[in-house]
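The primary structure of each chain is shown beneath.
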Amino acid sequence: MWAFLEDGEDIEVPYENGFLPGVLDLSRFYLTRSVRVDLRRYTSTGRVRYVRRRCQDIGWELLDRREFRWSPEYKALYADYFDQQEINAGYRRNRFEEMLEAPFTTHVALFHDVRDGRAAGLVPLFAGAGLAQYGIPVYDTRYRPISIGNHMMSSVLAELQARGLRHCYLGSCYTRGDLYKTRFAGMEVFNGHAWTSSREELHFLLDRQDDATGGHLLEHRPYVDAYCGADVASLRSTAPGRLTLA
C-alpha cells in the first residue's frame, strides 16, 4: 500500500500511520512493519551502557547536511563496508549513495576513533516535524567486535531525545536479523493496524508470517485469538491526519 501527502499535510502523518518513505524526496510512502523508538520513554539500558564503555574511544558529532563534506577517509570506509557485505550489498550501496544526496538527509552522524582520528562510522538521518529516521549506517568492520553499530544507534537516539524529538524510526522488521532495531527502551512496532510495544507479539508475527501470507493479518485466526480478542471491530480508531492511498 502506498500513500501520498495531501496538500499542506505534515510529514508526521504517514510515519504515525506505519508508513516509511518509498522515494527519498519524501513524496511517496509505503506501509510496512515499521520500528520506532518513543524518545519520551527512551533510557540507557544496561546493554547500552555496556556497549558505550566498550566504545569509549569512539567519538562522534551530528552535522547539518550542509556542513558535511566527503573526506577520502569516509569515502574509503563506505566503499570497504559494502565490499564486505554479502546480502543485498549492491542495492544497499546504491540506496546509501542516493540517500546522502536526497532531501531525506537533513543531518549526518560521523563517528571517529579519538586515539588516531580514524574514520569509524557514518549514518545519514532525516529529522523534522518532531521526528527522525535513522538511515543506512556504514562503519569500519574492524570495530564490529565492540558492537559499534549498536553504539552508533544508541548515541543518535540519546542526542535526538536531548533535542526534544518525539520518535526515531529505525526501518522495518521482517526477519530475525532486523531485531537489533528493537533492543532499545521505548521500542514500538507497527503491526498493521496499531503501534505495539509487545515483543511477544512481534516474535509471533516473525514466527508465523508465512502462515498468514495471502490474507490480511486480521483474517489470521491464531493472531486474532492471541491479540485481538473476539471483537476485531474494536480495533477501529480514528487515524491522525489524512492520507491518499493507492
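Please refer to the structure placed before this passage.
Now for a description of the structure that goes with this document. (Residues numbered from 1 in each chain as written. Predicted model: local features only at pLDDT ≥ 70, side-chain atom pairs only at ≥ 80, totals over all residues. Heavy atoms only, no water.)

**Let's talk about the environment of glutamate 201**
Part 1 of the argument: Within the fold, glutamate 201 resides in helix α6 (residues 199–208).
Part 2 of the argument: Its relative accessible area of 6% is what places glutamate 201 among the buried residues.
Part 3 of the argument: Sequence-wise, glutamate 201 and serine 44 are 157 residues apart; in three dimensions their C-alpha atoms are separated by 23 Å.
Part 4 of the argument: Aside from chain neighbours lying at most four places away, what touches glutamate 201 is Asn191, Thr196, Tyr223 and Tyr227. (Helix = DSSP H or I, 4+ residues; strand = E, 2+ residues; numbered from the N terminus. Buried < 20%, exposed > 50% of the residue type's maximum accessible area, 1.4 Å probe, protein only. Contact = heavy atoms within 4.5 Å.)

**Here we look at the pattern of salt bridges**
Part 1 of the argument: Considering all chains together, one arrives at 16 salt bridges under this definition.
Part 2 of the argument: Residue arginine 66 is joined to aspartate 64 by a salt bridge in which the shortest nitrogen-to-oxygen separation is 2.9 Å.
Part 3 of the argument: Between lysine 181 and aspartate 178 there is a salt bridge, with the nearest N and O atoms lying 3.8 Å from each other.
Part 4 of the argument: Using a relative accessible area of 8% as the deciding quantity, one classes lysine 181 as buried.
Part 5 of the argument: Residue aspartate 178 is classed as buried on the basis of its relative accessible area of 18%. (Salt bridge = Lys/Arg side-chain N within 4 Å of Asp/Glu carboxyl O.)

**Some points on the packing of aromatic side chains**
Part 1 of the argument: Under the criterion given, the structure shown has 18 aromatic pairs.
Part 2 of the argument: Between tyrosine 81 and phenylalanine 82, the aromatic rings sit 5.2 Å apart at their centres with planes inclined by 85 degrees, giving edge-to-face as the arrangement.
Part 3 of the argument: Overall, tyrosine 81 belongs to the buried group, its relative accessible area being 6%.
Part 4 of the argument: Residue classification places phenylalanine 82 among the buried residues on the basis of a relative accessible area of 2%.
Part 5 of the argument: The rings of Tyr15, Phe29, Phe104, Phe126, Tyr169, Phe190 and Trp195 are connected pair by pair, giving a single aromatic cluster. (Phe/Tyr/Trp six-rings, centres within 6.5 Å; stacked < 30°, edge-to-face > 60°.)

**Considering the state of the cysteines**
Part 1 of the argument: For the structure shown, the criterion picks out 0 disulfides.
Part 2 of the argument: Cysteine 168 forms no disulfide, and the closest cysteine sulfur to it belongs to cysteine 173, at a distance of 15 Å. (Disulfide = S-S within 2.5 Å.)

**Let's talk about helix α5 (residues 148–162)**
Part 1 of the argument: For α5, which comprises 15 residues, the first-to-last C-alpha distance of 21 Å matches the rise-based estimate of 21 Å (1.5 Å per residue) to within 8%.
Part 2 of the argument: Among the residues making up α5, those that are buried are Ile148, Asn150, His151, Met152, Met153, Ser154, Ser155, Val156, Leu157 and Leu160. (Expected span 1.5 Å × (residues − 1).)

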